[in-house]
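# Descriptive structure summary
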2 protein chains.
Amino acid sequence: MVSSPDLLRSAVVPPKARRRGRPPTRVLHRDCITDAALSLTTSAGYEGLTVAALARNLDVAKSALYNHVASKQDVLRLMEERLISQVDVAGFGCGPWDEAMRRWAWSYRDVFSKHTPLIPVIAVLPVADAPRTLEMYEAVSSDLAAAGIPNSKIVPSIVAIESLVFGAAFDVDAPPDVFDGCLGGFSPSFAVALQAARAAEIEEPRHDAAFNLGVEALLEGLKALLT
Amino acid sequence: MVSSPDLLRSAVVPPKARRRGRPPTRVLHRDCITDAALSLTTSAGYEGLTVAALARNLDVAKSALYNHVASKQDVLRLMEERLISQVDVAGFGCGPWDEAMRRWAWSYRDVFSKHTPLIPVIAVLPVADAPRTLEMYEAVSSDLAAAGIPNSKIVPSIVAIESLVFGAAFDVDAPPDVFDGCLGGFSPSFAVALQAARAAEIEEPRHDAAFNLGVEALLEGLKALLT
């Protein structure tokens, strides 16, 4: 989340003259629009993100906003591209493919755990016209193919890891007391498991232990596909 | 989704006498409230689910609704319990634990893929006071412990599978054209992978291929934990 009033102010050029009866228009940058949209989604949810609310938050007229973005879908694409550009794909194309996948998965989860209201919409967003997203998929596909994953298994492999990543991002966001109040006689096996998980939390947060288990299992699963 | 006007009508008893100046109150069943809440969430999203909108949809006064549910959180709990009661846990306690896990994971995904707007809220909902949910966790924990998964790994195992399930539920919901328009020279490896995935779709839908890969990898990962 890089939005801040200062950032917005520095990139917004005040109008030279204000025409009577019309709201002021300002020179907007798409980066500022993205900042403001991410900020608005964090505070008001994806439903709270409307072109009208965005214009209000940027202190510009809706018409000024429409000079830069055609629709809410367009704003969503900007947010997706911003988030994906924060995901670490630097491991691909150099070094072991499984290490690159691990780095990718953990950073992907960390980025989206800070923007969970966007997961339901970005998870189902067509990737055409999203160059950073395509770039990411290209980096992953290229390494998986070079490693020897059969072509027909590459997209399912990516989707399986993304599914784990998106689900786990919600888990990072879950309150620490999500399993509280379960230590009764009603669910004895689960109570024992919870106590053991809590004791293990001294070494590793619960959500990290679960995600680590999931990522390592998926990477082993991919190794089993190698031809 | 079991809500229908007929179902609601059959369970709603019309008042014998209507007092002047007050909205009619009706005898409500918590099942009807759950039906209406699920229906409203499907059409209006979780943000659209308010006690006022729910009362309107049920054609009762807000005060009548408050006789049955204390808050939106309470309604959410009803919806969670309804959905979890549709998840197949019948494999636990009889037969091989991995087969039971497989059945559980697939049915869990199928149930939530029809109610994706609830995933972000249910994924982070404390489980205390949710007896069906606790019952489900107890069934899974008991089988995992009996199979030989160390106690400290049971909760992480459940959370890893749930993460995959929740992420995959969104993927079921994704439009079939989610990867369309990517077959350019811009992302050659991804284009080859997509073409191969599309050819394989004749035998198995894309989202099932990805989920199958994920579930089988996680089950193998759990087997590696067995003591």
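Details of the structure are given in the entry above.
Heads up: these notes are all about the structure in this document. Along every chain, residues carry numbers that run from 1 in the direction the sequence is written. Labels are handed out in written order, letters beginning with A for the chains and numbers beginning with 1 for the ligands. A pLDDT threshold of at least 70 governs which residues receive local features in this predicted model, and a stricter bar of 80 or more applies before side-chain atom pairs are shown or counted, although totals over entire chains, interfaces and linings include all residues. Hydrogens and waters are ignored; side-chain quantities use all the structure's heavy atoms.

Throughout, a residue-residue contact means that at least one pair of heavy atoms, one from each residue, lies within 4.5 Å. Listed per partner, the contact involves 62 residues of chain A and 63 residues of chain B. Buried area is understood as the total, over both parts, of accessible area removed when two parts are fitted together, assessed with a 1.4 Å probe. Taking both partners together, chain A and chain B bury about 4,800 Å²; carbon and sulfur atoms supply 78% of that area. The salt bridge criterion pairs a side-chain nitrogen of Lys or Arg with a carboxyl oxygen of Asp or Glu, the two atoms within 4 Å. Linking chain A to chain B there are zero salt bridges. Pairs of N or O atoms are called polar contacts if they sit within 3.5 Å, as long as, within protein, a hydrogen donor faces a hydrogen acceptor (for residues adjacent in sequence, only side-chain-to-side-chain pairs). Counting every contact that joins chain A to chain B gives four residue pairs in polar contact (both at pLDDT 80 or more). For the side of chain A that touches chain B, the elements supplying multiple residues, two or more each, are helix H7 (119-122), helix H8 (131-147), helix H9 (151-173), helix H10 (188-200) and helix H11 (206-223) of chain A. Asp, Glu, Lys and Arg are counted as charged, while Ala, Val, Leu, Ile, Met, Phe, Trp, Tyr, Cys and Pro are counted as nonpolar; the rest, among them Gly, fall into the polar class. A class-by-class count of the residues in the side of chain A that touches chain B yields 42 nonpolar, 12 polar and eight charged. Comment: elements are numbered from the N terminus, with helices defined as DSSP H or I runs of at least four residues and strands as E runs of at least two.

A few words now on the relation of the copies chain A and chain B. The copies were overlaid by least squares, fitting only the C-alpha atoms of residues that reach a pLDDT of 70 or more in each copy. Note on the copies: chain A fits chain B at an RMSD of 0.0 Å, the axial shift is 0.0 Å, and the rotation between them is 180°. The two molecules are tied by a two-fold rotation axis, judged by turn and shift. Residue by residue, 100% of the interface of chain A is reproduced at the interface of chain B, so both copies engage with the same surface.

This paragraph deals with the pattern of salt bridges. A complete count under the given rule lists 24 salt bridges over all chains for this structure. In this structure, Asp35(A) engages Arg82(A) in a salt bridge whose closest nitrogen and oxygen atoms are separated by 2.8 Å. Within this pair, whereas Asp35(A) is found in helix H2 (residues 30-44), its partner Arg82(A) is found in helix H5 (residues 72-85), the two being separated by 47 residues in sequence. Buried, partly exposed and exposed residues are distinguished by accessible area as a fraction of the type maximum, computed with a 1.4 Å probe on protein chains only: under 20%, between the cut-offs, and over 50%, respectively. Relative accessible area serves as the criterion here: at 5%, Asp35(A) is assigned to the buried category. Of the charged contacts in the structure, one is a salt bridge between Arg82(B) and Asp31(B), with a shortest N-O distance of 3.9 Å. You can see Arg82(B) sitting in helix H5 (residues 72-85) and its partner Asp31(B) sitting in helix H2 (residues 30-44), a full 51 residues away along the chain. In this structure, a network of salt bridges that share partners links the residues Asp31(A), Asp35(A) and Arg82(A).

Summarising the element assignment, Leu83(A) is placed in helix H5. When near neighbours in sequence (up to four residues on either side) are disregarded, Leu83(A) contacts Leu38(A), Val111(A), Phe112(A), His115(A), Leu118(A) and Ile122(A).

What follows covers the packing of aromatic side chains. Residues and elements named next belong to chain A. Side-chain rings of Phe, Tyr and Trp (the six-membered ring for Trp) are treated as a pair once their centres are within 6.5 Å; stacked means planes under 30 degrees apart, edge-to-face means over 60, and tilted covers the remaining angles. One pass over the full model with this rule turns up 15 aromatic pairs over all chains. The interplanar angle of 45° and the centroid separation of 5.4 Å between the aromatic rings of Trp104 and Tyr108 together place this pair among those described as tilted. Residue Trp104 and its partner Tyr108 are both found in helix H6 (residues 97-113); the two are separated by four residues, about one turn of the helix. By relative accessible area, which is 0% here, Trp104 ends up buried. Their ring planes at 75° and their centres at 5.7 Å tell us that Tyr108 and Phe166 sit as a pair that is edge-to-face. Linking Tyr108 in helix H6 with Phe166 in helix H9, this pair joins segments that are 58 residues apart in sequence.

Further remarks concern unusual backbone geometry. In this model, Asp59(A) sits at a positive phi of 60°, which is unusual for a non-glycine residue. According to the relative accessible area criterion, Asp59(A) is partly exposed, its value standing at 44%.

Counted as a void, the largest pocket has a volume near 520 Å³. Around the largest pocket sit 24 residues that line it, and Glu47(A), Pro117(A), Pro120(A), Glu47(B) and Pro120(B) are the ones nearest its centre. Looking at the lining of the largest pocket, the elements that each hand over two or more residues are H2, H7 and H9 of chain A together with helix H7 (119-122) and helix H9 (151-173) of chain B. Among the elements that line the lining of the largest pocket, the one with the most residues is H2(A), at four residues. Using only the protein atoms, space was sampled on a 1 Å grid; points where a 1.4 Å probe fits but cannot get out form cavities, open sets with protein on both sides within 12 Å along at least five of seven lines form pockets, and lining residues are those with an atom within 4 Å of a point. Grid points are joined across faces, edges and corners, and a volume is the space filled by probe spheres set on the points.

Our focus in this paragraph is the packing of H9(A) against helix H11 (residues 206-223) of chain B. Every axis corresponds to a line fitted to the C-alpha atoms, with the helix fit spanning only the stretch in contact, and the corresponding angles, defined between N-to-C directions, vary from 0 to 180 degrees. With their axes 8 Å apart at the nearest point, H9(A) and H11(B) run at an angle of 70° to one another. Comparing their axes, H11(B) and H9(A) come out roughly perpendicular. Our pair here, H9(A) against H11(B), has a crossing hand that is right-handed. Contact residues: H9(A) offers Lys153(A), Val155(A), Pro156(A), Ser157(A), Val159(A) and Ala160(A), while H11(B) offers Arg206(B), Ala209(B), Ala210(B), Leu213(B) and Gly214(B). The residue makeup of the contact of H9(A) with H11(B), split by class, is seven nonpolar, two polar and two charged. Note on angle classes: values under 35 degrees are labelled roughly parallel, values over 145 roughly antiparallel, values of 65 to 115 roughly perpendicular, and the remainder oblique. Crossings are assigned a handedness: left-handed for a near helix turned anticlockwise from the far helix by less than a right angle, right-handed for a clockwise turn.

Residues and elements named next belong to chain B. With respect to the element layout, Ser113 can be found in helix H6 (residues 97-113). A polar side-chain atom of Ser113 sits 2.8 Å from the main-chain carbonyl oxygen of Asp110. With near-sequence residues (within four places) excluded, Ser113 lies in contact with Ala169, Val172 and Asp173.

What follows covers H10(A). With 13 residues, H10(A) ought to run about 18 Å at 1.5 Å a step, and its terminal C-alpha atoms sit 19 Å apart, in line with that. Taken together, the buried positions of H10(A) are occupied by Phe190(A), Ala191(A), Ala193(A), Leu194(A), Ala196(A) and Ala197(A). Looking at the buried side of H10(A), the elements it contacts are helix H8 (131-147) and H9 of chain B. What a helix is expected to span follows from its residue count: subtract one and scale by 1.5 Å.

Next up on the list: H11(A). Taking 1.5 Å as the rise per residue, H11(A) with 18 residues should run 26 Å; its terminal C-alpha atoms sit 26 Å apart, in good agreement. Most of H11(A) is tucked away: 13 of the 18 residues are buried.

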